[in-house]
There are 4 protein chains.
Amino acid sequence: MNDKTDLPGCPGELLRQGRRVAGQDPVKRDQILDGAHRVFTRLGFDASSMNDITREANVSKGTIYVYFANKEELFETLMERERQRIFSDSEMALTGQGTIAERLMRYGTLIVRLVCSDVVIRAHRVILGVGERMPEMAARFYERGPQKGKQALALFMKAEVEAGNLVIDDVEFAAHQFSDLCMAAIFRPRLFGYMANEPTTAEIERSVGGAVAMFMAYYAPRPGAGAA
Amino acid sequence: MNDKTDLPGCPGELLRQGRRVAGQDPVKRDQILDGAHRVFTRLGFDASSMNDITREANVSKGTIYVYFANKEELFETLMERERQRIFSDSEMALTGQGTIAERLMRYGTLIVRLVCSDVVIRAHRVILGVGERMPEMAARFYERGPQKGKQALALFMKAEVEAGNLVIDDVEFAAHQFSDLCMAAIFRPRLFGYMANEPTTAEIERSVGGAVAMFMAYYAPRPGAGAA
Amino acid sequence: MNDKTDLPGCPGELLRQGRRVAGQDPVKRDQILDGAHRVFTRLGFDASSMNDITREANVSKGTIYVYFANKEELFETLMERERQRIFSDSEMALTGQGTIAERLMRYGTLIVRLVCSDVVIRAHRVILGVGERMPEMAARFYERGPQKGKQALALFMKAEVEAGNLVIDDVEFAAHQFSDLCMAAIFRPRLFGYMANEPTTAEIERSVGGAVAMFMAYYAPRPGAGAA
Amino acid sequence: MNDKTDLPGCPGELLRQGRRVAGQDPVKRDQILDGAHRVFTRLGFDASSMNDITREANVSKGTIYVYFANKEELFETLMERERQRIFSDSEMALTGQGTIAERLMRYGTLIVRLVCSDVVIRAHRVILGVGERMPEMAARFYERGPQKGKQALALFMKAEVEAGNLVIDDVEFAAHQFSDLCMAAIFRPRLFGYMANEPTTAEIERSVGGAVAMFMAYYAPRPGAGAA
DNA sequence: CATGAATGAGCTTTCATTCAT
DNA sequence: CATGAATGAAAGCTCATTCAT
């Protein structure tokens, strides 16, 4: 997954050749992004001032503008980085040992813990908050984030269907169903802050357990019973 | 000095009797809220200026401040109004004729069409965008909006469980499951703008149909087969 | 002292003829001035809003503009009224029984108590605060207020000089000297708020007593000693 | 968010060491104060807008807010500076050669010329104009300004009393008396703008001369005559 | 390169004044 | 006449961005 070629923070090939980039310090760049992350997730895009970021990142104003053309580019770069961090290894859970149910359980547990974590929920809110004004960015976040995880899940399902272990007509749709079922009573309450704390392991287990049970009841062929 | 309503002899008790302030024009008030709605959903809270609203609502700056103490109060009032508008009659769908599946189908169709509509999705984004800074407002929106609908659904399920038509251990949880299943492949893509248009009737039917099928397969007792 | 002919609040002859004045209610007019007085002395001219006055006077905005053309005219009218109230009867103290010293004592006591009272000190501050922008008004306030009192005092002195009881070259100057001596340690501290409370009778007595003693020591001819 | 100095890495301790804020330009600071002085003394506190000051000081709006947190702080800083400038060396006049009368004459001349100068009278008006709303500031101005001068005078008198050259019971009171006597016919008319121009040398000489004469007549022991 | 002082457009909010009722 | 809702210019203040050092 070579996402790097169209990072918003690196607008075009010029950057990798011209003198602006020469000598840029990736450590300082990350330092800025780290500060920006704290500020943006706390205040949202508009309410965050470049001064806030400057203070939080412990760099000067001018320095930020060396690394990022403007506030929006800084924001987009940051969100790109966050997306990559968040959704980097969700598919891992599907590989490995165990029954289908066990592997689904592992996968569901991982994504619920991940997606409903404080940091990810906050990132969601920030992105959604500017979704109307930066539509491609929000769409891209979804496409390369959650959507990607579901594709991996769909591929897994497709393999199991072909192996005769599952009976699913539309695996992409089923992947969506399973994912959303896993966080059924969690994701939206978390997003709105109605559920203040990260879900406990017990809560996650129960939710994902319910999802797996329901999913298997419907999609796993039982002797003498068709599903879809 | 702090003189929002511009009423000199406004004795306080009168204010809280009928309309909010004696002599205020509810039509103009709604006119302001309508303008504010257009602006806020387009730009989000912070990026919307009072001037934008002034222009969109076709009232003067001062007039807005006669009806609303400040930008935040205007926003909160608006969001309250939107919430009430949106989630006023979702439970209707559950009453009326038909089998359980038919009624669930009706309910699911209604909430998906509603919650995933452009206007509601935009309202969600706006609220989520300020969720970090106005946490109670976002939480209240969820509690009195989506949460309420789910409670009605849970009550319906409880009745059917008691009638022996469904076998459900935790109806609240099951209500969440059903709701989220209904919009499985729709809500999140819509929220992020990945799915640009409102779902078609066909898409909704398919999604809700899948949810009903899965739900019934798991929670409706079949002769000789236990569920939970 | 027919001051009424050039009251700022009665701009010209038109008012006394045209329909604007016909039917104006002097009670309501005073009601407005009373409210304005409370507000202006509390906040100063600029920081007082017409709404504040409206609230304090318990009249509507429009009503104020029936009686006064604008904020400035209201202010000037008020200050004119206050001046007349304050400095109406200071000369009384000089007439009546008693030695020169006794009468000076009476006069001094009266003006110190008056001029250093809370209400007059506040009026002073308000007028001085706008003195740069409404110079004629402030000057007129002084001319027809304090200055007038001093003229009465000078006349008294002149009479006593002619009677051979005092030896004074320039009575106007001596009147100033006596007046300022009376409030020597009081007026300026009061004006700046350094002396928070109105002077007590004892303080006044002492201050005026000192003034009289000093004045008499210098200006009253003693056998075998010339003064000025 | 609240970011007056625009310094990101401004660690707090540095701020209170030398100049107020590391890197701030004292020349520009004075430039702002000079402009503010012109505007404030012309219009008073409330009627002076930050834009006026901006224009008069020839700096941008933002720059003012780098040096001063808000309008009030700018004003207070300015008044503090003016106070120090005005009342820095009034006591000098008392030291040096000459008889008591000569030294009093010198002192009186100096303070009258100073206190009744255009610039000081204007400063008085501005301060008094906000005295009701910033009482401590006005009181402090008096305490550290005029009051201080009088204390020096009182000390001088005390020394002369102890040397047997004067007979004064309460030197502080006498100092007030002498001071106010010096500007008897000048200070108040000036304050109200009734005396439009700064007093001439002749006027001052006469006024102070009268004060010295009166003061000495009362407080200087003459052979065979007691005073108080 | 890094810095942060300077800019000025633009923000939210206030208020003297008007005028339809 | 009295009322007070409406107006819109102007207030204090912020902040993304630039640029001399």
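Residues numbered from 1 in each chain as written. Chains lettered and ligands numbered in written order. Predicted model: local features only at pLDDT ≥ 70, side-chain atom pairs only at ≥ 80, totals over all residues. Heavy atoms only, no water.

1. What about the overall build of chain A?
Then, in step 1: On a plain count of helices and strands, chain A comes out with 11 helices and zero strands.
Then, in step 2: Counting helices and strands in the order they occur from the N terminus, chain A gives α-α-α-α-α-α-α-α-α-α-α.
Then, in step 3: Considering chain A as a whole, with its 228 residues, one finds that 55% of them fall into the buried category.
Then, in step 4: Element-wise, carbon and sulfur atoms account for 52% of the exposed surface of chain A, whose accessible area totals about 9800 Å². (Helix = DSSP H or I, 4+ residues; strand = E, 2+ residues; numbered from the N terminus. Buried < 20%, exposed > 50% of the residue type's maximum accessible area, 1.4 Å probe, protein only. Areas by Shrake-Rupley, 256 points an atom, 1.4 Å probe, with all protein chains shown as cover.)

2. Examining the interface of chain A and chain B
By a widespread convention, an interface's size corresponds to the accessible area lost as its parts come together.
Then, in step 1: Chain A puts 51 residues into the contact, and the matching count from chain B is 51 residues.
Then, in step 2: Summed over both partners, the interface of chain A with chain B buries about 4600 Å², with 65% contributed by carbon and sulfur atoms.
Then, in step 3: When the buried area of chain A at its contact with chain B is split by residue, Arg-188, Phe-192 and Met-214 of chain A rank highest and sum to 19% of it.
Then, in step 4: Across the contact surface, chain A and chain B share eight salt bridges.
Then, in step 5: If you look at where chain A meets chain B, you find 10 residue pairs in polar contact (both at pLDDT 80 or more). (Contact = heavy atoms within 4.5 Å. Buried area = accessible area lost by both parts, 1.4 Å probe. Salt bridge = Lys/Arg side-chain N within 4 Å of Asp/Glu carboxyl O. Polar contact = N/O pair within 3.5 Å; in protein donor to acceptor, adjacent residues only side chain to side chain.)

3. Some thoughts on the packing of aromatic side chains
Then, in step 1: One pass over the structure, following the stated rule, counts 40 aromatic pairs over all chains.
Then, in step 2: Ring geometry for Phe-141 of chain A and Phe-192 of chain B: centres 5.8 Å apart, planes at 15 degrees, overall stacked. With Phe-141 of chain A in helix H7 (residues 135-144) and Phe-192 of chain B in the loop between helix H10 (187-191) and helix H11 (201-219), the pair connects residues from two separate chains. Phe-192 of chain B carries the same exposure label as Phe-141 of chain A, and that label is buried.
Then, in step 3: Judged by centre distance (5.8 Å) and plane angle (15 degrees), the rings of Phe-40 of chain B and Phe-45 of chain B are stacked.
Then, in step 4: Assessed through its relative accessible area of 0%, Phe-40 of chain B is described here as buried.
Then, in step 5: Taken together, Phe-87, Phe-141 and Tyr-142 of chain A together with Phe-192 and Tyr-194 of chain B form an aromatic cluster joined through their ring pairs. (Phe/Tyr/Trp six-rings, centres within 6.5 Å; stacked < 30°, edge-to-face > 60°.)

4. Here's the deal with unusual backbone geometry
Then, in step 1: With phi around 60 degrees, Asn-58 of chain B is a residue other than glycine that occupies positive phi space.
Then, in step 2: Judged by its relative accessible area of 64%, Asn-58 of chain B is exposed.

5. Structural notes on the UniProt feature "DNA-binding region" (unreviewed entry) in chain A
Then, in step 1: Sites flagged by UniProt as "DNA-binding region" (unreviewed entry) map to residues 49-68 of chain A.
Then, in step 2: This span, residues 49-68 of chain A, is 75% helix and 0% strand, and a straight line between its end C-alpha atoms measures 15 Å. (UniProt positions renumbered as here; feature names shortened; annotations may be inferred.)

6. Points about helix H4 (residues 71-86) of chain A
Then, in step 1: Taking 1.5 Å of rise per residue, 16 residues should cover 22 Å, and H4 of chain A covers 22 Å from first to last C-alpha, within 8% of that figure.
Then, in step 2: Extensive coverage of H4 of chain A is indicated by the burial of 13 of its 16 residues. (Expected span 1.5 Å × (residues − 1).)

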